[in-house]
Amino acid sequence: MLEALRKLSEEVSSAENLDRALRLIVRRVREVIGADACSVYLIDPATNERVLMATEGLRADAVGRVRLRPDEGLVGLVCSRAEPMNVEDAPGHPAYRFFPKIGEEAFHGFLGVPLIHQGRTLGALVVQQKERRRFTEDEETLLITLAAQLAAAIAHAEAVTGFERLARGHHHDRPFPGISGAPGVAVGTAMVVYPPFNLAAVPDRAVDDPEVEVRRFLAAVERVRQDIDRLEARFDRDLPQADRALFEAYRLMLDSDSIVGGTITRIDLGQWAPAALRDTVEEHSRAFRLMDDPYLRERVEDMRDLGRRILERLETQPGPPVHFPEAAVLVGDSLGPAAFIDLPLERVRALVSRQGSGSSHAAILARALGIPAVMGVSDLPLAKVEGKTLVVDGYEGRVFVDPSPAIREQFQRLSDEEHELRAELEPLRDLPAVTHDGHRITLLANAGLRSELEPIRDNGADGIGLYRTEFPFMMRDRFPGEGEQTKLYRRILQHCAPAPVTLRTLDIGGDKSLPYFPIHEDNPFLGWRGLRVSLDHPEIFMVQIRAMVRANAGLGNLHILLPMVTTPAEVDEALHLIGRAHRELQEETDEELPLPRLGAMIEVPSAVSSAAAIARRVDFLSIGTNDLVQYLLAVDRNNHRVAKLYDALHPAVIEAIERVLHAGARYGKPVSVCGEMASDPAAALLLVGLGLNTLSVNPIDIPRIKWVVRNLEYRQARELVEAVRDLEEAHQIRRHLEGEIERLGLGVLLRAGK
Ligand code: PEP
Ligand code: MG
């Protein structure tokens with residue numbers, strides 16, 4: 001059974017369009033279940049009707065004609081209840097809706113299960129039988145299993161079909177849903193960023209001169225042929241006959257017309273070589289995969305391996321020039337912070353990632369740069385979007401591909417409103433963040449990219465509350481040396497002096513990896529991260545601390561922050577190394593080197609519990625809510641499937657923040673918040689009420705948060721904390737806080753998506 005399932009999923013996933021995918025499903029599912037009829041109904045988002053899309057058993061001309069309102073028929077019930085219905089005699093059921101002339105009168109037994117993809121009901125999969133009997137439990141569980149597997153393939157096929165309509169000149173006003181990563185709207189041309197040597201990830205790209213591209217491809221093929229000869233010569237004596245046959249098989253594939261000829265035909269049609277190769281390999285793999293002979297099925301892997309080798313050779317030679325659009329939307333499967341490396345950031349208008357969520361570091365970076373981002377757009381057919389016009393709605397988390405002029409205008413208006421709001425807030429730049437009754441809040445900026453230093457000054461920050469040093473580390477091909485780091489930190493400290501700058505020591509692991517120091521783990525967010533790495537590599541940590549301390553000479557505005565602290569003992573170990581680095585440096589120079597103030601991040605539940613012990617050892621605490629929320633709520637900050645469970649206003653988070661505040665107060669150590677929570681106006685209101693006097697936020701959000709603070713009485717904020725104390729759910733707390741923002745007359749902040 002598992003084998004049949006695997007084969008069906010593969011077939012459906014590789015079907016060229018929705019229509020074919022659905023026809024395949026009804027045919028195969030009818031066979032597997034042994035039913036008399038099988039049909040798929042999909043919900044038409046425009047009318048909300050359930051439409052018969054494919055059938056095997058009912059009359060073929062019923063397809064597209066049978067349309068049920070949400071409350072109509074057994075199919076309507078399956079979709080609206082999102083649960084299976086197993087009925088012995090369908091025509092006798094009160095919800096049954098009879099359609100004449102579709103051949104349904106012969107059927108009695110009915111089993112329908114919903115097709116659900118990522119929480120969205122797409123439609124229903126139905127089997128029917130002439131006999132008057134309920135389907136067995138085994139049949140029911142089998143159909144549920146099939147539907148659960150097929151739903152993702154159907155969603156994907158739906159998306160691809162949307163693109164086919166596009167190709168026929170239609171506009172595609174149905175957005176691809178995702179998760180808001182960074183607010184704002186933008187229109188731009190899609191530019192796909194894809195990992196190297198990965199055939200499946202290669203996007204479509206047109207070439208101007210197919211002849212040149214064919215030559216490039218043939219040169220790559222020739223190189224691979226030589227590679228294979230070399231490999232064979234090296235292993236000749238040691239390899240058994242069976243393995244040697246592999247080289248022969250590769251050579252045969254290269255000589256036959258299948259890969260080479262197929263790819264050249266596609267290049268001649270205007271496709272660039274990597275995508276032409278991708279489609280050719282996929283076409284042949286599909287044919288092999290569907291064969292019943294296991295030996296031939298295994299050849300799929302050989303074919304793919306050969307494809308990868310040719311791609312590698314193609315990608316290591318210069319290809320056709322890439323035109324980076326003036327207004328680009330970066331699109332990728334799993335965009336991490338590293339995607340920003342080497343890009344002309346001034347031309348990037350927005351970011352779209354198929355994976356990740358609003359708390360992923362790519363989204364955080366987008367916010368820091370002031371560009372909208374939509375994450376978790378899992379259905380976007382990456383291969384097809386390059387060069388298309390995208391409208392990115394970072395407020396609602398959705399992406400339109402080649403939308404109609406009406407949609408574009410609507411988003412242009414939103415974008416204008418956003419600019420108006422920014423202009424309105426501009427005069428706040430030089431004013432302090434102080435409540436009506438004189439309570440002063442320090443607003444610091446989060447940073448990590450060089451290009452953010454200007455926005456920090458422009459937005460009127462009181463300093464830098466979090467500088468993520470790992471970002472500049474990512475932009476290199478090896479660890480930066482002490483001199484290089486000193487220069488970098490010095491520039492930042494000088495730029496802000498005398499205002500404080502908090503440099504956080506290297507926080508790699510999780511979703512931040514260095515190209516030259518890869519960390520592969522099954523559970524990276526619970527693995528080797530942050531301070532854990534630094535303490536295991538004192539040689540790297542010491543160089544960083546020395547550079548920071550040297551950069552601070554004559555300035556004295558440096559604060560050092562330790563990420564991912566889990567126990568007080570780790571702080572002791574770090575303090576020991578920092579003390580040693582400072583002493584050594586002091587011995588090397590006559591210049592007075594001030595010892596920087598040292599802080600610990602509280603972003604792990606155990607650190608909340610040990611906050612007093614940690615506070616005793618350091619000068620300040622900084623709460624990193626991005627991680628704290630993920631660890632407290634057990635919600636991976638990078639996983640779009642659980643993104644809706646990730647909410648910094650969960651009562652558990654608020655309670656944890658209060659505990660840290662008490663711990664800080666006990667030892668007279670200041671506490672700040674540097675997670676994204678502080679950039680959210682509603683949450684900032686609560687944080688001020690809780691007693692936080694320092695918030696570190698995205699530079700672009702400083703004017704909004706300042707506006708909230710300046711329209712508030714401190715007393716009001718404190719009362720708010722009491723008002724939400726007994727609320728049990730994050731959404732109730734959010735509603736209450738947003739109501740307060742409306743009452744303060746600042747509702748435009750919410751409508752602007754924040
Ligand atoms: C945090 O976890 O809240 C934080 C500020 O650090 P990062 O987002 O870099 O993990
Ligand atoms: Mg963190």
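Described below are features of the structure shown in this document. (Residues numbered from 1 in each chain as written. Chains lettered and ligands numbered in written order. Predicted model: local features only at pLDDT ≥ 70, side-chain atom pairs only at ≥ 80, totals over all residues. Heavy atoms only, no water.)

A word on the pattern of salt bridges. The tally for this structure, following the rule as stated, stands at 62 salt bridges. When the shortest N-O distance is used, the salt bridge between Arg 550 and Glu 482 registers 2.7 Å. With Arg 550 in helix H17 (residues 538-551) and Glu 482 in helix H15 (residues 482-496), this pair connects stretches of sequence that are 68 residues apart. Of the charged contacts in the structure, one is a salt bridge between Arg 546 and Glu 588, with a shortest N-O distance of 2.9 Å. Pair noted here: Arg 546 is in helix H17 and Glu 588 is in helix H18 (residues 568-588), with a separation of 42 residues, a long-range link. Under the relative-accessibility criterion, Arg 546 is labelled buried at 13%. (Salt bridge = Lys/Arg side-chain N within 4 Å of Asp/Glu carboxyl O. Helix = DSSP H or I, 4+ residues; strand = E, 2+ residues; numbered from the N terminus. Buried < 20%, exposed > 50% of the residue type's maximum accessible area, 1.4 Å probe, protein only.)

Let us look at the site of ligand 1. Every one of the 17 residues lining ligand 1 counts as a neighbour, but Arg 468, Arg 504, Glu 603, Gly 624 and Asn 626 are closest to it. Lys 512 is positioned with one of its side-chain polar atoms (N or O) 3.2 Å from an oxygen atom of ligand 1. Contact between ligand 1 and Thr 625: an oxygen atom at 3.1 Å from a main-chain N or O atom of the residue. Across the complex, the protein chains shield 100% of the 290 Å² of accessible surface that ligand 1 would expose by itself. Contributing elements (two or more residues each) for the shell around ligand 1: helix H10 (361-369), strand E16 (464-468) and helix H21 (625-633). No other element matches the three residues that H21 contributes to the shell around ligand 1. For the shell around ligand 1, a count of residues per class yields four nonpolar, five polar and eight charged. (Near = heavy atom within 4 Å. Polar contact = N/O pair within 3.5 Å; in protein donor to acceptor, adjacent residues only side chain to side chain. Areas by Shrake-Rupley, 256 points an atom, 1.4 Å probe, with all protein chains shown as cover. Nonpolar A, V, L, I, M, F, W, Y, C, P; charged D, E, K, R; others polar.)

This part is about the coordination of the magnesium ion (ligand 2). Distances from the magnesium ion (ligand 2) to its protein donors, Glu 603 (OE) and Asp 627 (OD), fall within 2.0 to 2.1 Å. In this pair, Glu 603 is assigned in the loop between strand E19 (597-602) and helix H19 (605-609) and Asp 627 in helix H21, connecting sequence segments 24 residues apart. Asp 627 matches Glu 603 in its accessibility class, with the two residues each being buried. (Donors = N, O, S within 2.8 Å, 3.2 Å for Na, K, Ca; no water.)

With 14 residues, helix H26 (residues 730-743) extends 20 Å from end C-alpha to end C-alpha; this agrees with the ideal 20 Å at 1.5 Å per step. The positive-phi residue at the C-terminal boundary of H26 is Gly 745, with phi of around 80°. (Expected span 1.5 Å × (residues − 1).)

Let's shift gears to the sheet that holds E16. Strand order in the closed barrel formed by eight strands is E15-E16-E17-E18-E19-E20-E21-E22, and the pairing between neighbours is parallel. For this sheet, the mean inter-axis angle between neighbouring strands, taken without regard to orientation, is 25°. With two bridges joining them, strand E21 (residues 671-673) and strand E22 (residues 694-697) adopt parallel strand pairing. Note on E22: the bridge partner recorded for Ser 672 is Thr 694. Its contacts with the sheet place H17 against strand E17 (501-504) and strand E18 (558-562), and it is angled at close to 160° to E18. The strands that helix H22 (residues 651-666) touches are E19, strand E20 (620-623) and E21; relative to E20, the one it contacts most, it runs at about 175°. (Pairing = 2+ DSSP bridges. Axes fitted to C-alpha atoms, helices over the stretch in contact; angles between N-to-C directions. Contact = heavy atoms within 4.5 Å.)

The next thing to look at is a negative patch on the surface. Taken together, Asp 208, Asp 209, Glu 211 and Asp 268 make up a surface patch of like negative charges. Within the element layout of this structure, Glu 211 appears in helix H5 (residues 210-235). Given a relative accessible area of 59%, Glu 211 falls into the exposed group. (Patch = residues over 30% accessible without salt bridge, like charges linked within 9 Å, V, L, I, M, F, W, Y side chains within 5 Å. Lys, Arg positive; Asp, Glu negative; His and termini not counted. Charge placed at Lys NZ, Arg CZ, Asp CG, Glu CD.)

This brings us to helix H7 (residues 257-268). Think of an α-helix as turning once every 3.6 residues; residues three or four places apart then point the same way. For H7, the full list of buried residues reads Ile 259, Val 260, Gly 261, Gly 262, Thr 263 and Ile 267. Following H7 by one or two positions, Gly 270 has its phi on the positive side, about 110°.

This part is about the pairing of strand E2 (residues 50-56). Every other side chain in a regular strand lies on the same face of the sheet, so the side chains alternate between the two faces. Summarising burial for E2: five of the seven residues are buried, a large majority. With six bridges connecting them, strand E1 (residues 37-43) and E2 associate as antiparallel partners. Bridge pairing links Tyr 41 to Leu 52 in E2. Linking E1 to E2, which pair antiparallel, is a turn of six residues; within it Asn 48 sits at a positive phi near 65°.

Our focus in this paragraph is the sheet that holds strand E6 (residues 120-129). Taken in spatial order, the six strands line up as E3-E2-E1-E6-E5-E4 in an open sheet, and their pairing is antiparallel. Edge positions in the sheet fall to strand E3 (67-68) and strand E4 (85-87), since each has one partner strand and no second.

A separate point is the packing of aromatic side chains. Under the counting rule described, the total for this entry stands at five aromatic pairs. A centroid spacing of 5.4 Å and a plane angle of 55° characterise the contact between Phe 400 and Phe 411, whose relative ring orientation is tilted. Here Phe 411 lies in helix H12 (residues 405-425) and Phe 400 lies in strand E14 (residues 398-401), a separation of 11 residues in the sequence. Across the pair, exposure class does not vary: Phe 400 and Phe 411 are buried alike. Centre to centre, the rings of Phe 517 and Trp 528 are 5.9 Å apart; their planes meet at 35°, and the pair counts as tilted. (Phe/Tyr/Trp six-rings, centres within 6.5 Å; stacked < 30°, edge-to-face > 60°.)

Membership of the largest hydrophobic core comes to 134 residues, with the highest contact counts inside it found for Leu 351, Ile 464, Ile 614, Leu 621, Ile 657, Leu 687 and Leu 695. Domain assignment of the residues forming this core places at least three in each of domain 2 (172-195 + 322-403) and domain 4 (434-753). If we skip the residues at most four places from it in the chain, Leu 695 touches Ile 441, Thr 442, Leu 443, Leu 444, Val 673, Ala 678, Ala 684, Leu 687, Val 688 and Ile 705. Grouped together as the second largest cluster of nonpolar side chains are 34 residues, Val 113, Phe 135, Leu 143 and Leu 150 included. (Core = buried A, V, L, I, M, F, W, Y, C linked by side-chain atoms within 4.5 Å. Domains from an automatic or database assignment.)

Once that is clear, we can look at the pairing of E19. Most of E19 sits out of view: five of its six residues are buried. Looking at chain direction, E18 and E19 are connected through four bridges and run parallel. In the sheet register, His 559 faces E19, and the bridge partner there is Arg 597. Handedness of the β-α-β unit built from E18, H18 and E19 comes out right-handed. (Right-handed = clockwise from strand over helix to strand, strands pointing away.)

We now examine unusual backbone geometry. Omega for the bond connecting Ala 497 with Pro 498 falls within 30 degrees of zero, at 5°, which places this linkage in the cis form. For Pro 498, the position within the fold is in the loop between H15 and E17. Its identity as a non-glycine residue notwithstanding, Phe 197 has a phi of 55°, on the positive side. Judged by relative accessible area, Phe 197 falls into the partly exposed class, the value being 35%. Phi is positive for Ala 634, close to 55°, though the residue is something other than glycine. Assignment of secondary structure puts Ala 634 in the loop between H21 and H22. The class of Ala 634 is exposed, set by a relative accessible area of 71%.

The values are spatial; any link to function lies outside them.
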